Amino acid sequence: MTATLTRFVAEPPPRDVADALERLRHVGDVARIAVMPDVHLAEGVCVGTVVATRTMLLPAAVGGDIGCGMAAVACDVEADVLADARTAAAVLVGLQRAIPALRHPGAGPPLPPALAERPLSSPSLQSEQRRTAGLQLGTLGRGNHFMELQADDEDRLWLMVHSGSRGIGTAIRDHHDALAEPIGAGLRGLVADSPGGEAYLHDMQWALDYAEASRAHMVARAAEVLDNCFKGHVLLDTWISCHHNFVRREQLGDEWLYVHRKGAVSARADEPGIVPGSMGAPSYHTCGRGEARGLCSSAHGAGRQLSRGEARRRIRAGDVVAQMDGVWFDHRAADALRDEAPAAYKDIGAVMRAQRELTRVVRRLRPLLNFKGA
């Protein structure tokens, strides 16, 4: 049987994306596919794709950065604390010192007991955990990962962070994908209720919890910077968090399916979510509508308009500075950030309009200061 496919897009996807989606429709165990407005080409399964299967788990339909997601929290100060250039510079320097991009220079923070006391499913993954997980807990990563200070429409300051499970997530994906069986379209799958499927679900949940703990650690370090720079404090009762790379068994109508989200946020009825814009563009706090045709999901961000290679060919460092006008960031990183420039991404406004049936906007936030691990 061919899977049903429903698109929530602002414009027809490029040919290579459409071809990849069509191949996915013919993978035997795939029952339904929902295409989010931020869809773009990626290895195995496109980012911005939600895949529902009947009995199989597809590691490639989750991706390597298991648990990649967002966290946001309000602060007890108004946004004009960042109007002063010296204050903004102090915050950027403080974040650079407090939050490494790739790994801690010395011993990293200890793993939370709930993680340290939960072994992964194989000796090789346990070895990888001991080798890298502590050194990378609370590190931002590169690429499209970021920390940002933003203002809502009432000029309240918010902190937002986008990061994932770092090296351990990729190791988990690669380990289980190698043990899976070919199922078509270049994909491999694990029977969900087999020992191999259960091991993948166990390790994936470990990576989800690790990614969430890592984001919480970074927010705590950023809170220290804000306190030092302008006596600002985060308000933990405003905390919002969501993953956008994971799989979960869910009931859709009268059918139970394994819903894989790769670059998509769960948007069940009244479920909070976060949809960031590109660097320098607005972001949104959302509430799910529980739309079954969209597999109760929404976009996870703006989505790439240009591949990284194409962006680096077409965008200059000066373009990055011009496109970031009005947003504090480290101009010395402009050349390294060419593939992350706002012009490399889709219009977040068009993305939000294309998914009106999937989610509603709770809060719009404009960027004030952007920190990336470039």
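Anything mentioned here points back to the structure above.
*Asks:* Account for the pairing of strand β11 (residues 245-252), with residues named and values stated.
*Replies:* Where a strand is regular, its side chains alternate between the two sheet faces. Two strands pair when backbone bridges link them, and β11 and strand β12 (residues 255-262) are joined in this way by eight bridges, in the antiparallel orientation. The partner of Arg-249 across the bridge, within β12, is Tyr-258. Counted between consecutive antiparallel strands, the loop separating β11 from β12 contains two residues, among which Gly-253 sits at a positive phi close to 70°.

*Asks:* An account of the nonpolar core is requested, with residue identities and associated values reported.
*Replies:* Of all hydrophobic cores here, the largest spans 35 residues; its most connected members are Met-36, Val-50, Ile-315, Val-320 and Ile-348. Of all the secondary-structure elements, those providing two or more residues to this core are β2 (30-40), β3 (47-53), β12 and α9 (348-354). Apart from residues no more than four positions distant in its own chain, Ile-315 is found in contact with Leu-306, Val-320, Arg-338, Ala-341, Ala-343 and Ala-344. With 30 residues, the next largest nonpolar core counts Leu-140, Leu-149, Ala-222 and Leu-368 among its residues.

*Asks:* Can you break down the pattern of salt bridges residue by residue, with the values?
*Replies:* When their charged atoms lie close together, side chains carrying opposite charge are able to pair. Applying the stated rule across the entire model yields 24 salt bridges. Among the ionic pairs, Glu-291 bridges to Arg-293, the shortest N-O distance being 3.4 Å. Among the residues examined, Glu-291 registers a relative accessible area of 22% and is labelled partly exposed. Judged by its relative accessible area of 42%, Arg-293 is partly exposed. A single network of salt bridges, built from pairs that share partners, joins Arg-304, Arg-308, Asp-339, Glu-340 and Lys-372.

About the cut-offs
Residues numbered from 1 in each chain as written. Predicted model: local features only at pLDDT ≥ 70, side-chain atom pairs only at ≥ 80, totals over all residues. Heavy atoms only, no water. Pairing = 2+ DSSP bridges. Helix = DSSP H or I, 4+ residues; strand = E, 2+ residues; numbered from the N terminus. Core = buried A, V, L, I, M, F, W, Y, C linked by side-chain atoms within 4.5 Å. Buried < 20%, exposed > 50% of the residue type's maximum accessible area, 1.4 Å probe, protein only. Contact = heavy atoms within 4.5 Å. Salt bridge = Lys/Arg side-chain N within 4 Å of Asp/Glu carboxyl O.

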